[in-house]
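Residues per chain are reported as follows:
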Amino acid sequence: MKFNALIPELSVSDLVASKKFYLDTLGFTLEYERVENQFAFVSYGDAQIMLEQVNGHWATGELEYPFGRGINLQIATDDIETFRNKLVARGCKLFRDIAEVDYRENETLHKLKEFLVQDPDGYLLRFSQELV
């Protein structure tokens, strides 16, 4: 398995609930887990995320819901409309529904469609598709 250069590791309050959300609701793949450490490594396309139940090891302060305030994780998807509809059909509540947005990269303007969901601990996941 090839590991990305940057892989966020999210501290979660309930690994079982987080795995259910990422795998069953979002359709991520479980790459591997260390049950004894309450740790799971999941992926969606080229996106990789580590999930670890809160154990105090990485604690820099007290965690309270929503976790991850001030950050959102952008994850690319190929067919955003179908993906969004599949999540809604699975009971996933959208934090922000699909919108077309523009992001400027120097002189290049990128047009995307994106929507956001929150995981069980409140981490914001922003799914996006670049429009051509």
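Above this text sits the structure in question.
Reading the values: rules and limits
Residues numbered from 1 in each chain as written. Predicted model: local features only at pLDDT ≥ 70, side-chain atom pairs only at ≥ 80, totals over all residues. Heavy atoms only, no water. Helix = DSSP H or I, 4+ residues; strand = E, 2+ residues; numbered from the N terminus. Rg over C-alpha atoms; globule rule 2.2 N^0.38 Å. Buried < 20%, exposed > 50% of the residue type's maximum accessible area, 1.4 Å probe, protein only. Contact = heavy atoms within 4.5 Å. Areas by Shrake-Rupley, 256 points an atom, 1.4 Å probe, with all protein chains shown as cover. Lys, Arg positive; Asp, Glu negative; His and termini not counted. Charge placed at Lys NZ, Arg CZ, Asp CG, Glu CD. Pairing = 2+ DSSP bridges. Axes fitted to C-alpha atoms, helices over the stretch in contact; angles between N-to-C directions. Phe/Tyr/Trp six-rings, centres within 6.5 Å; stacked < 30°, edge-to-face > 60°. Lys NZ or Arg CZ within 6 Å of the ring centre and 35° of its normal. Salt bridge = Lys/Arg side-chain N within 4 Å of Asp/Glu carboxyl O. Polar contact = N/O pair within 3.5 Å; in protein donor to acceptor, adjacent residues only side chain to side chain.

Let us now look at the overall build of the chain. Scanning the chain from N- to C-terminus turns up two helices and eight strands. For the chain, the α and β elements follow one another from N to C terminus as β-α-β-β-β-β-α-β-β-β. In terms of overall dimensions, the chain is globule-like: its C-alpha atoms have a radius of gyration of 15 Å, near the 14 Å expected for 132 residues. Reported as C-alpha extents along the three principal axes, the dimensions of the chain are approximately 45 × 35 × 35 Å. Relative to its full complement of 132 residues, the chain shows a buried share of 38%. Of the contacts formed within the chain by residues at least 6 apart in sequence, a portion of 53% connects residues at least 24 apart. Taken as a whole, the chain presents about 8,300 Å² of accessible surface, with 49% of it coming from carbon and sulfur. Seen as two clouds, the 14 positive and the 22 negative side-chain charges of the chain have centres 4 Å apart.

The next thing to look at is the pairing of strand β2 (residues 29–34). Pairing of β2 with strand β3 (residues 39–44), which is carried by five bridges, proceeds in the antiparallel orientation. Bridged to L30 within β3 is V42. The antiparallel pairing of β2 with β3 creates a hairpin that spans four residues between the two strands, and Q38 there sits at a positive phi of about 50°.

Working definition: the strands of a sheet are paired by backbone hydrogen bonds and lie parallel or antiparallel to each other. Spatial ordering of the open sheet is given by β5-β8-β7-β6, a layout of four strands whose pairing is mixed. One side of each edge strand has no neighbouring strand; the edge strands of this open sheet are β5 (72–76) and β6 (94–105). This sheet shows a mean twist of 30° between the axes of neighbouring strands, independent of strand direction. Where strand β7 (residues 108–118) meets strand β8 (residues 124–130), seven bridges bridge the pair, whose relative direction is antiparallel. Bridge pairing in β8 links F115 to F127.

So, about the packing of aromatic side chains. Per the stated rule, a full pass over the model turns up 12 aromatic pairs. Residue placement shows R34 over the ring face of F39; its charged tip is 4.0 Å from the ring centre.

A separate point is the pattern of salt bridges. Under the definition given, this model contains seven salt bridges. A salt bridge links E64 to R69; the shortest N-O distance between them is 3.9 Å. When its relative accessible area of 54% is taken as the criterion, R69 is described as exposed.

Moving on: the environment of S13. As for its position among the elements, S13 is in the loop between β1 (9–12) and α1 (15–25). The exposure class of S13 is partly exposed, given its relative accessible area of 45%. Along the sequence, S13 and D121 sit 108 residues apart, while their C-alpha atoms lie 6.8 Å from each other. There is a polar contact of 2.6 Å between the side chain of S13 and the side chain of D121.

Moving on, we come to the sheet that holds β2. Taken in spatial order, the four strands of this open sheet run β1-β4-β3-β2, and their pairing is mixed. Two strands in the sheet have a free side with no partner beyond their single neighbour: β1 and β2. Recorded for the sheet is a direction-independent mean angle of 25° between the axes of neighbouring strands.

Purely spatial values, then, with no claim about function.
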